[in-house]
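This is what each chain is made of:
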Amino acid sequence: MTDPLHNIPLSEIFADALPRDRATQDPEAQAELEHSILTHGLRQPIEVWQLSQPQDGHRYGLISGHRRLAACRRLGHETIPAFLRSPRDIPDALAAMVTENEIRAQISPWEKGKLILDCLRTGLFDSEDAAIATLFGPLSRQKKARLRSITLVVEIFDGALATPERLSISRIERLASALRAGWEDLLSDTLRTSGSDTLAGQWSALEPVIHEALNPQNEDTAPGTPTAPRRSIKFARGLQIRREVTRSGWILRFSGPEARVPGLMDDVMETIERLFGTEG
């Protein structure tokens, strides 16, 4: 039996009753949706459930239709067509939201990981596996393993990366592998000193470190282990030197306020010349 359709006052709907799985909004797509609703009306009702206790005057919690609800509010509608659902509990409502969004609009890997992490932080699930099983139950074992990798990366780098929702699953999995190999501190430090506020620039700085983490040279161990080689040196005045592996050897990267001091590179070259001798 299909749930009946209701016209519910917008003022009675709590849009953020659930952690949302879409962290970013596309202004152009939202404007197109508003134009469509204005021209043709709302084609797809939203889904809500009745709250056990009203919150700030809201009687209903939103399950699906966050963008549609926002559009109708901007257009000045007083009511909105809605299916009144009866989820068993909040996790069940979350699973319904995820399922609807997976059908209507693909959610980025980063947004999926952030949803899992938000649910864990608010105590909606006892464990990561429980959250994944409830929210993404139909997925294969391999895809669930990918979700664990995504959640790990979100936990470490949330707030540090620019536009992380644009990260591909392959890049996220490479980051997760480097983290599991013990490179968290060096990766975080590289990101902090990258000097870039774009994802492309940040990834360009991270890539050499990830490459070294996943391709250890001469049985080098991970940072922080007793036999690990020196991969980075920080000086009191702000200069930092970090080594990076390349296909043909190594480079030393100088960064920080002191990196542009006149004559620094000349001094470095002279020191190397003393160690190895002049070119024959």
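Look up: the structure comes first, before these words.
We now turn to the structure provided with this report. Sequence order as written defines residue numbering, which begins from 1 separately in each chain. Totals for whole chains, interfaces and linings use all residues, but because this is a predicted model, local features are given only for residues with pLDDT of at least 70 and pairs of side-chain atoms are given and counted only at 80 or more. Note: side-chain values were computed over all heavy atoms of the structure, leaving out hydrogens and water.

Here we look at the sheet that holds strand β8 (residues 250-255)
Strands pair, by our definition, only if DSSP identifies at least two bridges between them. Going along the chain from the N terminus, every DSSP run of H or I of four or more residues is numbered as a helix, and every run of E of two or more is numbered as a strand. Spatially, the three strands line up as an open sheet ordered β6-β7-β8, and their pairing is antiparallel. The open sheet has two free edges, formed respectively by β6 (232-234) and β8, since each of these has just one partner strand. Here the average twist between neighbouring strands, direction ignored, is 15 degrees. Relative to strand β7 (residues 240-245), β6 runs antiparallel, the two being bridged by three bridges. Across the sheet, the residue bridging to Ile233 is Ile241, located in β7. Only heavy atoms matter for contacts: two residues are in contact if any of them lie within 4.5 Å across the pair. An axis is simply a line fitted to the C-alpha atoms; with a helix, the fit covers only the stretch in contact. Between two such axes, the angle follows the N-to-C directions and lies from 0 to 180 degrees. Sheet strands touched by helix α9 (residues 199-214): β7 and β8. Its angle to β7, the strand with the most contacts, is close to 60 degrees.

Remarks on the pattern of salt bridges
The term salt bridge refers to a pairing of a side-chain nitrogen on Lys or Arg with a carboxyl oxygen on Asp or Glu at a separation within 4 Å. Within the structure shown, the criterion is met by 14 salt bridges. Two residues, Lys114 and Asp158, come together in a salt bridge whose shortest N-O distance is 3.4 Å. Separated by 44 residues along the polypeptide, Lys114 in helix α4 (residues 109-121) and Asp158 in the loop between α6 (141-157) and α7 (169-180) bring together distant segments of the chain. With a 1.4 Å probe rolled over the protein chains alone, any residue whose accessible area is under 20% of its type maximum counts as buried; one over 50% counts as exposed, and the rest are partly exposed. For Lys114, a relative accessible area of 22% gives the class partly exposed. Exposure remark for Asp158: the relative accessible area of 32% places this residue in the partly exposed category. A salt bridge links Glu244 to Arg242, with the shortest nitrogen-to-oxygen separation between them at 2.7 Å. Linked through salt bridges whose partners overlap, the residues forming this network are Lys114, Asp118 and Asp158.

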